[in-house]
Amino acid sequence: MAASSKRNSSSAKRKPVRTSGNPARRPVVEAPPVTIGDWIGAARLRTLPLAVAPVVIGTGAAQLVDPELHWAIALACLAVAVLLQIGVNFTNDYSDGIRGTDAKRVGPARLTASGQVAPRTVLIIGLAFFALAALVGLAIVIRTGQWWMLAVGAACIIAAWFYTGGKRPYGYMGLGEVFVFIFFGLVPVLGTTWVQAFHLPLEAWLGAVAAGLFGCAVLLANNLRDIDQDREVGKRTLTVTIGRRATKVLYTVFVVVPFAIAALIALLYPIAWLALLALLAGIPAVVIVWSYRQARELVVALGLTSLTALAYAGALYWAFAA
């Protein structure tokens, strides 16, 4: 009798709760109202050092050619980089949200996937940041007379959109790291150097490679965090393709190689040895990537990697401008 009572009790617990009346009138659970913190989270501030670092390196390399600091152009380059970064973060939120890719994400707020903000609103905000970046970029072109760089700016915006946007986003085909290396390394460093000095010394190329590798490392940490969800929704990132262990190895290579580049630069510019201090953030990031137990821990690794890139860039700037 007691056993029967327990079974009945268990069955009662498993039955879904029914509501009477018209199903269309049943209460709907609404998403909590969006807050300023949600908007800041969607902007993904942890990634902004990756936008700042290339401009810092590029400005330092320009001062090797022209010792005068062209601060107005440098600040304009910084504005373009940051605005593009925020814009791509919002458009990624929109594109991944409408595809359902962000439904079970760990990390910063997803405005579209959470239902807190209408997808169209998120898209408009992302495009607005792209427009602001384009306007500042146009000002740089007018100031420097380098009209051909309008094509470079257009390529940056197109690449930012098609990372997760469009019918065949390259971020879903394992090509994210290639484009990050180009548009977070080569383009911003060399572009910043060119518009200030109209020359590209070897140091600018070395710094561009280092910045690009840090950008790739951050993307790997991000995709390692999301590997299970990406597999589930069919997002074929490089991490999904090669697996966890190979991703950890590649991430470590991407973090370590820039310091080998710094050692090479230090042969001519001894202050560049100070770039090794950035390992104070870089080493803990690598340790987390190899030892994490929960995906949320990789959010910390991602932030530390971004800070490593910024500290590294500061050291190179000092070495070049001193």
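Here the structure is a predicted model, which means the values were calculated and not measured.

Secondary-structure assignment places tyrosine 269 in the loop between α12 (244-266) and α13 (279-291). On a C-alpha basis, the gap between tyrosine 269 and leucine 316 in space is 8.9 Å, while along the polypeptide they are 47 residues apart. What tyrosine 269 contacts, discounting residues up to four positions off in sequence, is Leu64, Glu203, Ala319 and Phe320.

Moving on, we get to the nonpolar core. Residues Tyr251, Ile265, Tyr312 and Leu316 are the most contacted members of the largest nonpolar core, which totals 51 residues. Of all the secondary-structure elements, those providing two or more residues to this core are α3 (49-65), α8 (176-197), α9 (202-225), α12, α13 and α14 (297-321). Ignoring any residue separated from it by four or fewer positions in sequence, one finds tyrosine 312 in contact with Ala210, Phe214, Pro258, Phe259, Ile261, Ala262, Ala275 and Ala278. Core analysis: the second largest hydrophobic core is formed by 18 residues, Val55, Ala76, Cys77 and Ile140 among them.

What follows deals with the pattern of salt bridges. Pairs can form between side chains of opposite charge whenever their charged atoms are close. Counted by the stated rule, this structure contains 3 salt bridges. A salt bridge links aspartate 226 to arginine 225, with the nearest nitrogen and oxygen atoms 3.0 Å apart. According to the relative accessible area criterion, aspartate 226 is buried, its value standing at 3%. Accessibility expressed as a relative area gives 4% for arginine 225, which makes it buried. Notably, a salt bridge pairs aspartate 228 with arginine 244, separated by 3.0 Å at the nearest N-O pair. Separated by 16 residues along the polypeptide, aspartate 228 in helix α10 (residues 227-233) and arginine 244 in helix α12 bring together distant segments of the chain. Judged by relative accessible area, which is 44%, aspartate 228 ranks as partly exposed. Since its relative accessible area comes to 31%, arginine 244 is described here as partly exposed.

Definitions and limits used
- Residues numbered from 1 in each chain as written.
- Predicted model: local features only at pLDDT ≥ 70, side-chain atom pairs only at ≥ 80, totals over all residues.
- Heavy atoms only, no water.
- Helix = DSSP H or I, 4+ residues; strand = E, 2+ residues; numbered from the N terminus.
- Contact = heavy atoms within 4.5 Å.
- Core = buried A, V, L, I, M, F, W, Y, C linked by side-chain atoms within 4.5 Å.
- Buried < 20%, exposed > 50% of the residue type's maximum accessible area, 1.4 Å probe, protein only.
- Salt bridge = Lys/Arg side-chain N within 4 Å of Asp/Glu carboxyl O.

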